[in-house]
Amino acid sequence: MSKRNPDYDFKWCPGCGDFGVKRAIESALVQRSTEKQESVEHTVMVAGIGCSGNLVHLQEGPQPFGIHGIHGRTLPIAYGIKSGRPDLNVLIVSGDGDFLSIGGEHIGPQAKRNLDVTAVVMDNGVYGLTKGQASPTTEFEAVTPTTPYGKLDDRMSPLETYLSAGVGYLASTLSTQVKQMAELISDAMDHPGFAVVHVQSPCTTYNDTYAALKGNAKEGIEPLAFPIPDDHDPEDFMAAVTLARTGRVPVGLLYRRSDSVPAHERLRAARERVGVKQLSVDEILTGMAI
Amino acid sequence: MSKNLVVRFAGEGGQGVVGGSEILAAAAAQVGYHVQTFATFPSQIKGGPAWGQASISTGPLLSGGDYLDILVALNRYAYDHNVQELREGGIVIYNSEDFELDEGGRAIGIAADQLARESGNPRAANMIVIGAVAELAGMPLSYIEQFVTKRFSRGRPGDEQIIEGNIKALHMGAEACKGSFSLGSPIEDPTPIEGERILIKGFEASSLGAIAAGLDTFIGYPISPATTMLTFMEANLHGDDYFVGQSSSEIESIAAILGAGYAGKRAMTSTAGPGLSLMGEGLGLAWMAEIPLVVANIQRGGPATGLPTKTEQSDLLVSLNPGHGDMSIPVIAPGTVEEAFWAAAAAVNWAERYQGPVILLSEASIAERAEDILKPDLSLVREERRTVSDGSVENRRYEGDGVSPFPVPGGPGAYVANGSEHDEPGDTTHLPDVHVRMTHRRFNKLDVLMDGDYESERTDAPVALMPWGGSKGSARGAYNEIIEEGEDLGWYYTMYLNPLPPALLDELRAKELVIVPELNYLGQFSRVLRSMGVNAQSITQYTGLPFKVGELKSSVREQMRAESGKLARV
Ligand SMILES: Cc1ncc(C[n+]2csc(CCOP(=O)(O)OP(=O)(O)O)c2C)c(N)n1
Ligand code: SF4
Ligand SMILES: [Mg+2]
């Protein structure tokens with residue numbers, strides 16, 4: 001929306017990984033509109049607070065609805081949006097700090113409800129917007145303004161966290177792989193349930209991991225990222241866990257739960273099963289007659 | 001003969017003391033008495049001191065009554081800690097299986113459990129006690145028999161035996177204290193009451209008021225004394241148009257109802273102090289992004305975990321400003337069970353009308369008490385809906401200096417609902433003039449909420465009494481007595497605490513003194529009134545219990561005397 005708003009005073013730094021994520025989302029939304037004959041206004045983008053969440057204002061092309069709220073609360077806001085409006089396509093855009101640190105408490109409950117939303121998490125291993133402090137995914141021993149002796153906390157493994165929380169669709173990719181990311185995001189939006197697309201999206205200013213992800217044969221740097229082998233079965237949970245535990249960055253679809261029944265379907269089915277009649281306020285009050 | 005009867009059942013949590021008082025009240029209501037119940041619970045599940053009280057009257061009840069006519073004490077502790085409130089000439093019924101009293105003449109021991117076993121129904125101990133209470137109070141047993149018969153005629157096999165068993169227990173209880181002694185003045189027969197009456201608790205009234213006004217989404221996290229609204233909604237909303245859910249925290253509750261409100265729903269949560277504290281940031285977002293929602297905050301006592309099961313009115317200031325930054329959250333505080341219905345309906349409507357968060361500020365003593373009221377006339381309930389954007393002011397959600405059309409996702413007018421300062425389309429902007437313009441816009445929106453009504457009496461009196469919330473009943477009791485004694489004292493009352501009806505505020509500003517009885521230490525409402533140019537002084541109490549009429553009356557008179565002394569010196 002920034003094109004209409006010359007006063008918007010935020011810009012991503014040159015080379016920021018989030019540019020790639022923006023392009024992938026734009027393309028996935030256009031594709032969805034055409035394929036499903038669904039207006040873009042049927043999509044709601046729920047944005048976290050961080051450089052990453054600002055994507056909601058920088059998005060170009062057909063404009064979805066957006067809500068840019070408070071730090072860490074994308075999932076509960078999405079839960080409320082979907083509660084009475086399962087027809088809406090809800091897409092979360094968040095960062096590693098927003099989603100995994102302050103908002104980490106919400107992953108488990110929404111995964112267990114199997115909320116039908118897609119979260120795109122831009123992991124740059126740092127708090128970008130607040131200028132470079134350590135985040136849960138910052139490397140162990142990394143020196144940042146809040147870790148002067150080097151980070152003492154172990155690095156969190158987000159992919160393992162999602163899997164153990166019960167996330168039913170999990171993809172991991174790189175901000176440089178725009179085309180593949182767009183496909184994964186489309187696929188995740190089609191998945192009937194909670195889906196996470198976790199993107200390594202380097203912060204060129206505070207934590208530039210491009211070289212580490214890609215590797216550099218000349219300098220003898222092994223790439224952190226590796227493509228998920230073709231013979232990986234995404235319905236095999238333990239195989240997904242093994243990929244998540246490599247300590248590296250698998251690229252592709254790790255896991256897709258085949259028996260996914262989303263939250264709103266569970267409620268609908270339960271109501272049908274129990275078959276309780278809805279009484280009117282008048283009938284309830286009459287039942288209290290003296 | 002007497003017009004009122006106050007009976008307290010005191011014992012331990014899990015002994016059915018609250019149930020006992022509720023059965024007695026329901027039975028009395030059925031034969032045409034006015035009733036009110038009140039209870040205090042321990043915060044543990046089994047054990048811990050608890051009591052339930054039934055106040056029964058031939059006329060409308062303002063409060064639960066200051067003194068007990070009959071105290072049922074199931075253990076020594078219950079006796080020791082409640083007997084002070086027994087009126088002179090009152091009677092104690094004690095559980096003689098647990099302890100002995102040598103209270104020359106005004107105490108009677110009953111072995112309720114043993115008698116219940118003898119009656120063939122070991123669970124009928126409450127009925128034994130109620131039989132004894134009725135006998136001592138001079139209330140015909142037929143009243144209670146009627147109730148028992150109605151309650152257990154559910155068309156199930158065995159109903160008849162249950163009815164018979166309970167009636168037998170009732171008579172055994174009455175028999176056990178026949179000829180001992182009785183209350184000096186037995187309660188008068190009830191006079192029939194006109195109209196369709198219901199017996200309803202405060203939390204039920206506020207839940208139903210909200211549903212009647214069109215509420216369709218309720219998401220909450222359990223916390224005393226607000227859980228009952230959540231479970232009521234879960235038990236009563238089943239249709240396709242409704243969503244009720246248990247959240248994983250109050251942070252999730254507020255964000256979720258905000259999401260629902262954003263998506264076009266009329267959404268509500270219920271909570272109490274600790275939960276409200278966690279909702280501060282989310283309420284600020286609702287104010288900033290202009291999202292309709294209602295938070296029912298059922299006040300308990302104290303900061304932190306405080307007094308979870310007691311009553312207090314100490315969340316007014318935090319309700320007005322629950323979060324950081326400039327905001328002024330609309331607050332509606334019911335003073336009676338009946339008002340709880342209308343206040344909740346008004347809260348839903350206000351949220352829709354001004355497109356922002358509203359706090360329904362209730363309290364434990366209202367939420368948990370049962371009262372007989374006339375069935376609310378549903379034809380009087382309004383169902384307001386926000387004006388939805390038709391997309392004609394494309395992408396300019398925050399256009400203008402007041403309420404503007406609301407774009408609903410799925411429809412036209414896509415925008416970013418923004419918690420950062422933003423311009424008309426909802427994009428983040430930190431320019432000084434935009435912050436000024438949007439701040440004005442948000443405060444201007446309160447102008448559409450100036451329609452709250454209020455009560456006023458003796459408006460010429462220089463000194464006025466103005467309670468708020470659940471202190472209304474005791475304050476009215478005290479007021480009536482003061483007026484009967486020939487004093488001149490004005491009366492003002494409203495549920496609409498923010499924004500206050502402007503005409504009311506004008507009247508209050510003209511008073512020499514406005515006396516505000518309230519259940520908190522700081523004198524929160526009088527602080528607010530003083531900040532608005534009203535010379536208000538509080539009478540405070542912070543025991544976790546409601547005001548007693550007699551005590552409040554003396555405090556009001558004392559303040560009146562001090563004020564007239566001051567005037568005389570001038
Ligand atoms: C409640 C609260 N605490 C702290 C902040 C300050 N804050 C803004 S963004 C941010 C971290 C963002 O990190 P991340 O989610 O990784 O986003 P990035 O900027 O790296 O994309 C913090 C701590 C805030 N806005 N709100
Ligand atoms: S600080 Fe880092 S994350 Fe933020 S815009 Fe700049 S490069 Fe991107
Ligand atoms: Mg980050």
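Here, the structure is the one placed above.
The structure presented is a predicted model; accordingly, all values stated were derived computationally and were not measured. (Residues numbered from 1 in each chain as written. Chains lettered and ligands numbered in written order. Predicted model: local features only at pLDDT ≥ 70, side-chain atom pairs only at ≥ 80, totals over all residues. Heavy atoms only, no water.)

Draft legend 1. Examining the packing of helix α3 (residues 74-84) of chain A against helix α9 (residues 250-262) of chain B more closely. Running from N to C, α3(A) and α9(B) point in directions that differ by 45°, and their axes come no closer than 6 Å. Taken as axis vectors, α3(A) and α9(B) run oblique relative to one another. For the pair α3(A) and α9(B), the sense of crossing is right-handed. Along its contact with α3(A), which presents Pro76(A), Ile77(A), Tyr79(A), Gly80(A), Ile81(A) and Ser83(A), the element α9(B) presents Glu252(B), Ala255(B), Ala256(B), Leu258(B), Gly259(B), Ala260(B) and Tyr262(B). (Axes fitted to C-alpha atoms, helices over the stretch in contact; angles between N-to-C directions. Helix = DSSP H or I, 4+ residues; strand = E, 2+ residues; numbered from the N terminus. Parallel < 35°, antiparallel > 145°, perpendicular 65-115°, else oblique. Left-handed = near helix turned anticlockwise from the far one by under 90°. Contact = heavy atoms within 4.5 Å.)

Draft legend 2. Up close: the site of ligand 1. Taken together, 17 residues are adjacent to ligand 1, and Cys51(A), Ser52(A), Asp96(A), Gly97(A) and Asp98(A) come closest. Chains contributing residues near ligand 1 are chains A and B. Summarising the interface, the protein chains cover 76% of the accessible area of ligand 1, which totals 590 Å² for the free molecule. Tallying contributions element by element places helix α4 (residues 96-102) of chain A first for the shell around ligand 1, with 4 residues. Considered class by class, the residues forming the shell around ligand 1 number 6 nonpolar, 8 polar and 3 charged. (Near = heavy atom within 4 Å. Areas by Shrake-Rupley, 256 points an atom, 1.4 Å probe, with all protein chains shown as cover. Nonpolar A, V, L, I, M, F, W, Y, C, P; charged D, E, K, R; others polar.)

Draft legend 3. The arrangement of the site of ligand 2 in detail. Surrounding ligand 2, one finds Trp12(A), Cys13(A), Cys16(A), Cys51(A), Asn124(A), Cys203(A), Thr204(A), Thr205(A) and Tyr206(A). Its residues assigned to classes, the shell around ligand 2 shows 6 nonpolar, 3 polar and no charged.

Draft legend 4. View of the coordination of the magnesium ion (ligand 3). Residue and element names in this part refer to chain A. Bound to the magnesium ion (ligand 3) on the protein side are Asp96 (OD), Asn124 (OD1) and Val126 (O), at distances that span 2.0 to 2.2 Å. For the magnesium ion (ligand 3), all donor residues lie on one chain, and their spacing in sequence is D-x27-N-x1-V. In this pair, Asp96 is assigned in helix α4 and Val126 in the loop between β4 (118-123) and α6 (158-165), connecting sequence segments 30 residues apart. Here Asp96 falls in the buried class, since its relative accessible area comes to 2%. (Donors = N, O, S within 2.8 Å, 3.2 Å for Na, K, Ca; no water. Buried < 20%, exposed > 50% of the residue type's maximum accessible area, 1.4 Å probe, protein only.)

Draft legend 5. Broad picture of helix α17 (residues 502-509) of chain B. Residue and element names in this part refer to chain B. Taken as a whole, α17 has its buried residues at Leu504, Leu505 and Leu508. Here the buried residues of α17 occupy an arc of 100° about the axis, which is enough to place them on one side. Close packing links the buried residues of α17 with β18 (490-493), β20 (513-518) and α18 (524-531). (Arc of directions from axis to C-beta.)

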